[in-house]
Amino acid sequence: SQFGEDGIIQYLIRKVPIENKIFVEFGVENYKESNTRFLLQNNNWAGLVMDSSPENIEEIKRDPIYWRHNLKAVCAFVDAENINSILLENGLSGDIGLLSIDIDGVDYWVWEAIECISPRIVICEYNSFFGPEAAVVVPYNRNFKILEAHYSSLYFGASIKALEILAKKKGYSLVASTLAGNDAFFVRNDVLGDIKPLTAKEAHVEAQFRISKNEKGEFTFLDGKEALKLVADMMVYDIEKGKLVKI
């Protein structure tokens, strides 16, 4: 994994009873760095991974990991309209172990749309630059691409507060975040056990990575409020207010 997700996952699968050791992860690129690869290799789980690049999918299938383990790689540009049909077409429904969402865009809307599977653990990327208190998310666009939405690569996803609200609606509790401030972890309430739920404010971590870019596509390495100034005039949807607001 990229920022310590493997360690959090290993802790959670020891605490959460999991009968169907199956995962789903999308936005995996070539799967060299992902949230479920260690789960596949170390714990021998089975799973489905998806990416929108045919080249990435072919590279995954050429990797020895593909025949050594029960892994299926599918080329798909995931959106809220097609996610359930993709999962069902690949034989996935009902109770599974883990879902990991990282598509640098409409992650919130895709998770909201998922109905055919009920993962016990969910990992979803959040946008740390949106802070711990505002429940905001980029407006839904099924063709969302991060660099087309804004050159800075900072206009994407949802705040951790927005994901916490969505999680509660779907029957989950927020339980962890990476120290890098990129991924949030949720556990289904019926299998939460003695894991302590966290508030968005408790779980939020200010991003330690610096991904800001200029209009030429070059990294500028801004952090915190300086980075957020680049997208200050962009619109986001406030979940609590039910309307679009300026960042």
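Quick caveat, the model's predicted, so the values are computed rather than measured.

Reading guide: rules and limits
- Residues numbered from 1 in each chain as written.
- Predicted model: local features only at pLDDT ≥ 70, side-chain atom pairs only at ≥ 80, totals over all residues.
- Heavy atoms only, no water.
- Pairing = 2+ DSSP bridges.
- Helix = DSSP H or I, 4+ residues; strand = E, 2+ residues; numbered from the N terminus.
- Axes fitted to C-alpha atoms, helices over the stretch in contact; angles between N-to-C directions.
- Contact = heavy atoms within 4.5 Å.
- Buried < 20%, exposed > 50% of the residue type's maximum accessible area, 1.4 Å probe, protein only.
- Right-handed = clockwise from strand over helix to strand, strands pointing away.

Undergrad: Report on the sheet that holds strand E9 (residues 235-238), specifying residues and quantitative values.
TA: Strands sit in the order E6-E9-E10 across an open sheet of three strands; the sheet is antiparallel. Whereas interior strands pair on both sides, the edge strands pair on one side only; in this sheet they are strand E6 (136-137) and strand E10 (243-246). Pairing geometry for E6 and E9, over two bridges, is antiparallel. Bridging across to E9, Val136 finds its partner in Asp238.

Undergrad: Describe the sheet that holds strand E2 (residues 46-51), and please don't skip the residues or the numbers.
TA: Taken in spatial order, the seven strands line up as E3-E2-E1-E4-E5-E8-E7 in an open sheet, and their pairing is mixed. Each end of this open sheet is capped by a strand with a single partner; those strands are strand E3 (71-75) and strand E7 (172-177). Shown here is a sheet whose adjacent strand axes are inclined to one another by a mean of 20°, direction ignored. Running over the sheet, helix H1 (residues 5-15) touches strand E4 (94-101), strand E5 (117-125), E7 and strand E8 (183-188) and is turned about 10° from E8. Of the strands in this sheet, E2 and E3 are in contact with helix H3 (residues 54-62), which crosses E3 at around 165°.

Undergrad: With reference to specific residues and values, describe the pairing of E2.
TA: For a regular strand, side chains alternate in direction, first toward one face of the sheet and then toward the other. Among the six residues in E2, six count as buried, and that is most of the element. Of the two faces of E2, the one lined by Ala46, Leu48 and Met50 and the one lined by Gly47, Val49 and Asp51 are each fully buried. One ladder, built from five bridges, connects strand E1 (residues 22-26) with E2; its direction is parallel. Note on E2: the bridge partner recorded for Val24 is Leu48. Running through helix H2 (residues 37-43), the crossover from E1 to the neighbouring parallel element E2 is right-handed.

Read these as geometric descriptors, not functional statements.
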